[in-house]
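Breakdown of the fold
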Amino acid sequence: MTEPAALAFDDREYTPAQLDALAGAMAAALHARGVRAGDRVAVMSSNRPEFVVALRAIWGLGAAAVLLSPAWKRAEAEHALAVTGAAHAVGDHPVLAELMPMLSFDEPIDSGSHPLARPAPEDDALFVFSSGTTGMPKAVRHTHGAFAVAVRHWRDALQLTSSDRMQIMTPPSHILGLLNIVMALETGAWIRLHRRFDIDVMLKHIEADRITIEMAVAPIALALAAHPDLERYDLSSLRYIMWCATPVTESVAHTVTERTGVKWVTAYGASELPVISCNDIDGARLDTVGRPVPGVQVRVVSLESGAVLGPGEDGEIQVRSPSVMAGYLPDSATAQAFCDGWYRTGDVGHLDADGWLRITDRCKEMIKVRGFQIAPAEVEAVLHGHPAVEDCAVFGVPDPANGEAVVAAVKACRPVEADELIALVAESLASYKKPSRVEFVSEIPRLPSGKVLRRVLKERLWTSV
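Residues numbered from 1 in each chain as written. Predicted model: local features only at pLDDT ≥ 70, side-chain atom pairs only at ≥ 80, totals over all residues. Heavy atoms only, no water.

1. Brief notes about the overall build of the chain
Counting its secondary structure elements, the chain contains 12 helices and 26 strands. Against the 2.2 N^0.38 benchmark of 23 Å for 465 residues, the chain shows a C-alpha radius of gyration of 22 Å, consistent with a compact globule. For the chain, the spread of C-alpha atoms along the principal axes amounts to about 70 × 50 × 50 Å. A separation threshold of at least 6 residues defines the contact pool for the chain, and within that pool the share at least 24 residues apart is 66%. Put simply, the chain shows about 19300 Å² of open surface, and 51% of that area lies on carbon and sulfur atoms. When the 44 basic and 58 acidic side-chain charges of the chain are each reduced to a single mean position, those positions are 2 Å apart. (Helix = DSSP H or I, 4+ residues; strand = E, 2+ residues; numbered from the N terminus. Rg over C-alpha atoms; globule rule 2.2 N^0.38 Å. Contact = heavy atoms within 4.5 Å. Areas by Shrake-Rupley, 256 points an atom, 1.4 Å probe, with all protein chains shown as cover. Lys, Arg positive; Asp, Glu negative; His and termini not counted. Charge placed at Lys NZ, Arg CZ, Asp CG, Glu CD.)

2. Description of the packing of aromatic side chains
Going through the model one piece at a time under the given rule, you end up with four aromatic pairs. On the basis of an interplanar angle of 75° and a centroid distance of 5.2 Å, the ring pair of W72 and F129 is categorised as edge-to-face. Of this pair, W72 sits in the loop between β4 (64–68) and α3 (74–84) while F129 is found in strand β7 (residues 124–131), placing the two residues 57 residues apart along the sequence. In this structure, W72 and F129 share a single accessibility class: buried. Pairing F372 with Y432 gives two aromatic rings, centres 4.7 Å apart and planes at 20°, and the pair type is stacked. With F372 in strand β23 (residues 372–374) and Y432 in the loop between α11 (418–428) and β26 (437–440), the pair connects residues that are 60 residues apart, well separated along the chain. For the pair F372 and Y432, one class covers both residues: buried. One cation-aromatic arrangement involves R232 over Y233; the distance from NZ or CZ to the ring centre is 5.6 Å. Above the plane of the ring of W356 lies R285, whose end atom (NZ or CZ) is 4.4 Å from the centre. (Phe/Tyr/Trp six-rings, centres within 6.5 Å; stacked < 30°, edge-to-face > 60°. Buried < 20%, exposed > 50% of the residue type's maximum accessible area, 1.4 Å probe, protein only. Lys NZ or Arg CZ within 6 Å of the ring centre and 35° of its normal.)

3. Quick word on the sheet that holds strand β24 (residues 389–399)
Sheet architecture is open: three strands sit in the order β24-β25-β26, paired in mixed fashion. A single partner strand is all that each edge strand has here, and the edge strands are β24 and β26. The mean angle between the axes of side-by-side strands here comes to 25°, regardless of whether they run parallel or antiparallel. Against the sheet, helix α12 (residues 454–461) contacts β24, β25 (403–412) and β26, and its axis sits at roughly 70° relative to β24. (Pairing = 2+ DSSP bridges. Axes fitted to C-alpha atoms, helices over the stretch in contact; angles between N-to-C directions.)

4. Considering unusual backbone geometry
Cis geometry is adopted by the peptide bond preceding P330, which originates at L329 and carries an omega value of 0°. Take P330: it is sitting in the loop between β18 (327–329) and β19 (338–339). At Q159, a residue that is not glycine, the phi angle is positive and equals roughly 55°. The topology assignment puts Q159 in the loop between α5 (144–158) and β9 (165–168).

5. A few points about helix α8 (residues 218–226)
One turn of the α-helix equals 3.6 residues, which is why residues spaced by three or four share an orientation. For α8, the set of buried residues is A218, P219, I220, A221, L224 and A225. Elements that come into contact with the buried residues of α8 comprise α7 (199–209), β11 (213–216), β12 (240–243), α9 (250–260), β13 (264–268) and β25.

6. Some thoughts on the nonpolar core
Grouped burial of nonpolar side chains is what soluble globular proteins tend to show. Grouped together as the largest cluster of nonpolar side chains are 109 residues, with contacts concentrated most on V90, W154, L224, M242 and W264. Per-element accounting of this core gives the leading share, nine residues, to helix α6 (residues 175–187). Once residues lying within four places of it in the same chain are set aside, the contact partners of W154 are L176, L179, N180, M183, M215, M242, C244, A267 and V275. A77, I367, I374 and V416 belong to the second-largest nonpolar core, a separate cluster that totals 43 residues. (Core = buried A, V, L, I, M, F, W, Y, C linked by side-chain atoms within 4.5 Å.)

7. What about the side chain of R299?
Considering the arrangement of structural elements, one finds R299 in strand β16 (residues 297–301). D340 provides the closest opposite charge to the buried, unpaired R299, separated from it by 4.5 Å. Beyond its immediate sequence surroundings of up to four residues, R299 is in contact with V308, E316, I317, Q318, C339 and W342. (Salt bridge = Lys/Arg side-chain N within 4 Å of Asp/Glu carboxyl O.)

8. Overview of the pattern of salt bridges
One pass over the structure, following the stated rule, counts 26 salt bridges. Linking E76 and K433 is a salt bridge whose minimum nitrogen-to-oxygen distance equals 2.5 Å. Of this pair, E76 sits in helix α3 while K433 is found in the loop between α11 and β26, placing the two residues 357 residues apart along the sequence. A relative accessible area of 0% means that E76 is categorised as buried. The residue R141 makes a salt bridge to D124 at a minimum N-O spacing of 2.8 Å. One end of the pair, R141, is in strand β8 (residues 137–143); the other, D124, is in strand β7, and 17 residues separate them in sequence. Salt bridges sharing common partners tie together R48, E50, D92 and D106.

9. Overview of the pairing of strand β5 (residues 88–91)
Alternating positions in β5 separate into two faces, H88 and V90 on one and A89 and G91 on the other, with burial throughout. Across four bridges, the pairing between strand β3 (residues 40–44) and β5 is parallel. Paired with V43 across the strands is V90, a residue of β5.

10. Some thoughts on the packing of helix α2 (residues 49–60) against α6
Their axes nearest at 12 Å, the elements α2 and α6 cross at an angle of 75°. Taken as axis vectors, α2 and α6 run roughly perpendicular relative to one another. Between α2 and α6, the contacting residues are F51, V52, L55, R56 and W59 on the first element and L178, I181, V182 and L185 on the second. A class-by-class count of the residues in the contact of α2 with α6 yields eight nonpolar, no polar and one charged. (Parallel < 35°, antiparallel > 145°, perpendicular 65-115°, else oblique. Nonpolar A, V, L, I, M, F, W, Y, C, P; charged D, E, K, R; others polar.)

Structure representation (structure tokens):
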């Protein structure tokens, strides 16, 4: 009996046995380049089968994968390599190839195979990146044991089975894309990888591949709602669409459901603790991110005193679970991320009397665009490098397409065009980090300590942005 395919890409399909054989060959190539157990291997790649193969090969050698965003520029990648100490590289990205010798996905691998070992639960599995408010991204360290728990939580929340079919358009370096790929392959579900998001390609493959679960971040949801020919596509195979990474825009979700009959489910997670809560698959509600999944505890504490709050009271959302990260790199950032063993999400919200979780604000200053976290200080550092910028501050405002939009308030010491400053950021940082708008101001409000009063700026400029 022929083994069923597990993964599709363009016009090719791969069985689990074929993926294992390719992983063994890549493991042999990596081993020949010096990769050993305990090493950290940088991976910078588009969404393609070789990413899956590389991940299996790295883990099979007892090494850990350092996942670099393909949207990053040189400075961001350099920082990630420095903070993790990655000694080897594999992928398809010219930025990584410029920084260190890289085993390229686009070059043939010599024949041969290396046996793939099963990692221990306490071994490091992967490093993803999460921006802090004070500068460049921090590396989030996950062990195999903790990530396996997250995969199980996500599979149970989605009620995923081996008969489900999914397609992946989100970047594999992001915790959501990675979680979906690993979960689907381990469950025996079928997945199609796409190089990038294209709304027409996505709709065509829902119909042709009989996709049963579709993942959507805000831009995908907006593209669905605005598609002029949405009704032409047969979406009857879909059990639901999952809205992830950004707050739900209910009007957009309702428009898609009215036009297609497909319902939505919402969930909530973080790079540091991938699965926190999820709505019921049947009877999901768009005004909440659901209830904590089994195995995850959630509490809400006062922003002032840290006391645990009761139902309906807004405070910081804190979470405890075996799926939580092992810590940050640099390690000095880890302590402040926890309170008595509870992970501090930095999100503000409340639990109601029935255990439904609602997110109302964010006490961290990070900006979240399309599910990607942006540290204001990182963008400010680039703007400060322009000779016309005397002072600046960056903050986020709600945006229906992307969750939030980046706005820069700039005090200039000589004339400069907004487009010039936006282009400066775009040259230095990933495209999603560039300001959508620059507002010129006479002063940047600061505390005596020098801390920028972003909330004051946001309120002051709200009517203009």
